[in-house]
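Below are the chains, spelled out letter by letter.
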Amino acid sequence: MAPTSKAGRYRGSVKEFPNFNASQDAEALYNAMKGFGSDKEAILDLITSRNNKQRIEISQAYKSLYGKDLIADLKRELTGKFERLIVGLMRPLAYFDAKEIKDALQGIGTDEKCLIEILASRTNQQIHNLVEAYRDAYERELEADVLGDTSGHFKKMLVVLLQGTREEDDVVSEDLVEQDAKDLLEAGDLKWGTDEAQFIYILGNRSKQHLRLVFDEYLKISGKPIEDSIRGELSGDIEKLMMAVVKCIRSTPEYFAERLYKAMKGLGTKDNTLIRVMVSRSEIDMLDIREVFRTKYEKSLHSMIKDDTSGEYKKALLKLCGGDDDAAGEFFPEAAQVAYRMWELSAVAKVELRGTMRPAADFNADGDAKVLRKAMKGLGTDEGAIIDVVTQRSNAQRQEILRTYKSHFGRDLMADLKSELSGSLAKLILGLMMTPAQFDAKQLKKAMEGAGTDENILIEILATRNNREIQAINEAYKGAYHKSLEDALSSDTSGHFKRILVSLALGNRDEGGEDLTRAHEDAKKLSDVSSGDSTSLETRFLSILCTRSYPHLRRVFQEFIKMTNHDVAHTVRKHMSGDVRDAFVAIVRSVKDKPAFFADKLYDSMKGIGTDERTLTRIMVSRSEIDLLNIRRVFKEMHEKSLHHMIEKDTSGDYCKALLAICGGDD
């Protein structure tokens, strides 16, 4: 039976081919592979336009007509990723999954991500079919092979999922929902150590409908989403598996949209993941995946595949994708509702912002001043001693060390550090020794001096600081450079961009909560792009985005989605350009999820050839006592590697050592 949504519609992108004739198709494929070379275009056109049931019939007809195995012939004629994709499409889904798992288990090391993806996302029936297919294809028991190749709580959860016994009825007991939420809280946050068995039992057996209500109840009683507890209480493969299960419970299409995005983001493409998801979801929920993808990543799946792949492989993937959701320039209505629900969840969650640098216990400013003086006295400099002191103290403690150093030795510690250190390490250590406001003021000054202006730095700082931070920056700027920040911005920028920066630099944003009636009116003002007057549009965006409180703007963005089926950032990108566009997008991203904004900037500073050390230093210094722990968590989630790992790989020497100390741990 074809998979359908709740509304009863088929949600796959590959449909049954009308007037299908298995023998004619078998003959067409035989002719495409006959003689020297093969007609790859004909092969991909035919196979991607038939559904799985029809492809199986073609395989049978091919054997009857030619006494040959169609998959063996395709393997011989095709190569590389294209061959893997086409051959994958020729297998029934259960056998495709079985082959993927067999490949993941055999050889040196295990592909845990493949195991997690398949076993966390399949329905009971799909799991049963997979177990049977594995037994038939390899004459082995899948459970025994998983047991032999995995260990610990990860192994236990995989075995639970392999039973395919998740409850399926939609009748939910409110009492049991409350009990399960309480049990999960007591097994994790309220317990010394973690009771993994409780997580395994509840997340591995309860129905999807029941668990969604459990997650809501958990948020209510703990003040944070279940995902935060899993990250805090579990680690390694069991953490990844539990996170995948929770994501699939919340929304399987959203889980796969994220898998596809991560497979293509950054340098290189994870082709095995891309092929596996495109093949396995093409007749189940590819339309839903496309919708969520368009909403979350503000680009279509089609356009990302087009930019990231090539040749016949690209053509075949695009056929499986089934359409370009950027073509109309707007979201599906269903996708807008997904985005709206995501906003609802984020509005309820209380996110505790946490830095990595905390006050040192048993702090002794006099002792630290002496250590630093000794590290810089005589021939050579002990950079290690300087790093150990400066990166292990809070900013308030570093200010005390500055004062003590001067009163004890009659010397300026900043001047001594500047003369003894050099390059990126000097900029990092000196940045840490300033107050946050002094550091930001200096970054803004450097962005505006000399030939040209670094607009990105102006945007990053002014779009992300709160009123108190902005007011402190204004004071620091005036004190250090004897000119107001507003005057500096006015003389160095122009037009709407200047107006945006000056408005932000006032530090006069509302600080109240949301006002639903006003949010509806604000969303209506932002959504009116019909006049075609970009000046009027930019003024409206400025008056709302630069002055309303963050909680209120979150509600405005929700209302905007409801009205337009667009994300507000999409509208900014479509109707504005240059620095104005970049400033408004930065404000929107900061309001939505500030740690994610900074995680992306850190990733961009280190990806590819060369490192943008200026950006890396600026963010690591400025966020170290505010939300660097949150940034680390989001970084790992978004880029599937830890911030610690990327710094270690991308920097070197004492600069690397100091950055890793600020980072505060490897996730």
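Above this note sits the structure.
Sequence positions are assigned chain by chain, starting from 1 and proceeding in written order. Residue-level local features of this predicted model are given only where pLDDT is at least 70; pairs of side-chain atoms are given and counted only at 80 or more, and the full residue set underlies all totals for whole chains, interfaces and linings. Side-chain descriptors were evaluated using all non-hydrogen atoms of the structure, hydrogens and water having been removed beforehand.

### So, the overall build of the chain
Rules: Only DSSP runs of H or I covering at least 4 residues are called helices, and only runs of E covering at least 2 are called strands; the numbering of each starts at the N terminus. For a compact globule the rule gives 2.2 Å times the number of residues to the power 0.38, and the radius of gyration it is set against comes from C-alpha atoms. Exposure is judged per residue with a 1.4 Å probe applied to protein chains only, and the accessible area is read against the type maximum: over 50% gives exposed, under 20% gives buried, and values in between give partly exposed. Only heavy atoms matter for contacts: two residues are in contact if any of them lie within 4.5 Å across the pair. Under the convention used here, a 1.4 Å probe and the Shrake-Rupley method define accessible areas, while residue burial counts only the protein chains that appear. Note on charges: Lys and Arg go in the positive column, Asp and Glu in the negative column, and His and the chain ends are not counted at all. A charged residue contributes its charge at one atom only: NZ of Lys, CZ of Arg, CG of Asp or CD of Glu.
Looking only at helices and strands, the chain has 39 helices and zero strands in total. Relative to its length of 667 residues, the chain is compact, with a C-alpha radius of gyration of 28 Å against a globular reference of 26 Å. Along the three orthogonal principal directions, the C-alpha set of the chain runs to about 95 × 65 × 60 Å. Burial statistics for the chain: of 667 residues in total, 53% are counted as buried. In the chain, the proportion of contacts linking residues at least 24 apart, taken out of those at least 6 apart, comes to 73%. Accessible surface for the chain amounts to roughly 29500 Å². Of this, 48% is attributable to carbon and sulfur atoms. Put simply, the chain has 100 plus and 109 minus side-chain charges, and the middle of one group is 3 Å from the middle of the other.

### Comments concerning helix α16 (residues 271-281)
Taking burial as the measure, the eleven residues of α16 include ten buried ones, the bulk of the element. Turning to α16, its buried residues number three or more, namely Asp271, Thr273, Leu274, Ile275, Arg276, Val277, Met278, Val279, Ser280 and Arg281.

### Section: the nonpolar core
For the record, the criterion: For our purposes a nonpolar core is just a set of buried Ala, Val, Leu, Ile, Met, Phe, Trp, Tyr and Cys residues, chained together by side-chain atoms within 4.5 Å.
Judged by nonpolar contacts, the single largest core of 101 residues is most densely connected at Phe584 and Met620. Top element by residues in this core is helix α35 (residues 578-606). It accounts for 15 residues. By size, the runner-up hydrophobic cluster in this structure holds 97 residues, among which are Met33, Leu185, Tyr261 and Met264.

### Comments concerning unusual backbone geometry
One non-glycine residue with positive phi stands out, namely Asn19, at about 50°. Position of Asn19 among the secondary structure elements: in the segment before α1 (22-33). Judged by relative accessible area, Asn19 falls into the exposed class, the value being 77%. For Asp362, which is not glycine, the phi torsion reads 50° and is therefore positive.

### Side note on the environment of Thr517
Inspection of the secondary structure assignment puts Thr517 in helix α31 (residues 516-527). We classify Thr517 as exposed; its relative accessible area is 56%. With 39 residues separating them in the primary sequence, Thr517 and Val556 have C-alpha atoms 9.8 Å apart.

### A closer look at the pattern of salt bridges
Under the convention used in this document: Any carboxyl oxygen of Asp or Glu within 4 Å of a side-chain nitrogen of Lys or Arg constitutes a salt bridge here.
Evaluated as defined, the whole model comprises 51 salt bridges. In this structure, the salt-bridge partner of Glu258 is Lys296, at a minimum N-O distance of 3.9 Å. Separated by 38 residues along the polypeptide, Glu258 in helix α15 (residues 236-264) and Lys296 in helix α17 (residues 286-297) bring together distant segments of the chain. Each member of the salt-bridge network shares a partner with another, and the members are Arg84, Glu100, Glu117, Arg259 and Arg276.

### Overview of the state of the cysteines
Inclusion rule: The disulfide definition used here is simple: a pair of cysteine sulfur atoms within 2.5 Å.
For the coordinates displayed, the defined rule picks out zero disulfides. Counting only cysteine sulfurs, Cys248 is the nearest neighbor of Cys114, a cysteine outside any disulfide, at a range of 13 Å.

### Some thoughts on the packing of helix α26 (residues 436-448) against helix α27 (residues 455-464)
So the rule is basically this: An axis is simply a line fitted to the C-alpha atoms; with a helix, the fit covers only the stretch in contact. Between two such axes, the angle follows the N-to-C directions and lies from 0 to 180 degrees. Put simply, angles under 35 degrees are roughly parallel, angles over 145 are roughly antiparallel, angles from 65 to 115 are roughly perpendicular, and the rest are oblique. Note on convention: near helix rotated counterclockwise from far helix by under a right angle means a left-handed crossing. Clockwise means right-handed. The nonpolar class holds Ala, Val, Leu, Ile, Met, Phe, Trp, Tyr, Cys and Pro. Asp, Glu, Lys and Arg form the charged class, and all remaining residues, Gly among them, are polar.
Remark: α26 packs on α27, axes separated minimally by 9 Å, with the N-to-C direction vectors making an angle of 155°. Compared by their axis directions, α26 and α27 come out roughly antiparallel. Once α26 is placed against α27, the crossing between them reads as left-handed. Every residue of α27 that contacts α26 at Asp440, Gln443, Leu444, Ala447 and Met448 is listed here: Ile457, Leu458, Ile461 and Leu462. Grouping the amino acids of the contact of α26 with α27 by side-chain chemistry returns seven nonpolar, one polar and one charged.

### Considering the side chain of Asp25
By the secondary structure assignment, Asp25 is in helix α1. If we ignore the near neighbours within four places in the chain, the residues touching Asp25 are Phe20, Leu46, Arg50 and Ile58.

### A look at the packing of helix α11 (residues 174-187) against helix α12 (residues 196-205)
Contact pair α11 / α12: the axes reach a minimum separation of 9 Å and the direction vectors enclose 150°. One way to sum up the angle between α11 and α12 is to call them roughly antiparallel. Both α11 and α12 take part in a crossing whose hand is left-handed. Residues Asp180, Asp183, Leu184 and Ala187 of α11 touch α12, and the partners they reach there are Gln198, Phe199 and Ile202. Residue composition of the contact of α11 with α12, grouped by class: four nonpolar, one polar and two charged.

### Details of the packing of aromatic side chains
Our working rule: For Phe, Tyr and Trp, rings pair up if their centres lie within 6.5 Å, where Trp contributes its six-membered ring, and each pair is then called stacked (planes under 30 degrees apart), edge-to-face (over 60) or tilted (otherwise). Only Lys NZ and Arg CZ are tested; either one counts as a charge over a ring when it is within 6 Å of the ring centre and within 35 degrees of the ring normal.
In total, this model carries 13 aromatic pairs according to the counting rule given. When the centroid spacing of 4.0 Å and the interplanar angle of 5° are considered together, the rings of Tyr30 and Tyr66 count as stacked. Residue Tyr30 is located in helix α1, and its partner Tyr66 is located in helix α3 (residues 52-66); the two are separated by 36 residues in the primary sequence. Positioned over the ring face of Phe17 is Arg50, at 3.6 Å from the centre of the ring. A cation sits over an aromatic face here: Lys102 above Tyr138, 5.5 Å from the ring centre.

### Some remarks on α1
Convention followed: Expected helix span is taken as 1.5 Å per residue step, with the number of steps being one fewer than the number of residues. Each C-beta atom gives one direction from the helix axis, and the arc is the one those directions make. Throughout this description, a polar contact denotes any pair of N or O atoms lying within 3.5 Å of each other; where both atoms belong to protein, one of them has to be capable of donating a hydrogen while the other can accept it, and for residues adjacent in sequence the pair is counted only when both atoms sit in side chains.
Taking 1.5 Å of rise per residue, twelve residues should cover 16 Å, and α1 covers 17 Å from first to last C-alpha, within 8% of that figure. Within α1, burial applies to Ala22, Asp25, Ala26, Leu29, Ala32 and Met33. Within α1, the buried residues cover an arc of 125° as seen down the axis, which keeps them to one side. The inward-facing, buried residues of α1 abut α2 (40-48), α3 and α4 (70-77). Sitting at the head of α1, Asn21 places a side-chain oxygen 3.1 Å from the backbone nitrogen of Ser23. Trailing α1 by a residue or two, Gly35 shows a phi angle of about 80°, which is positive.

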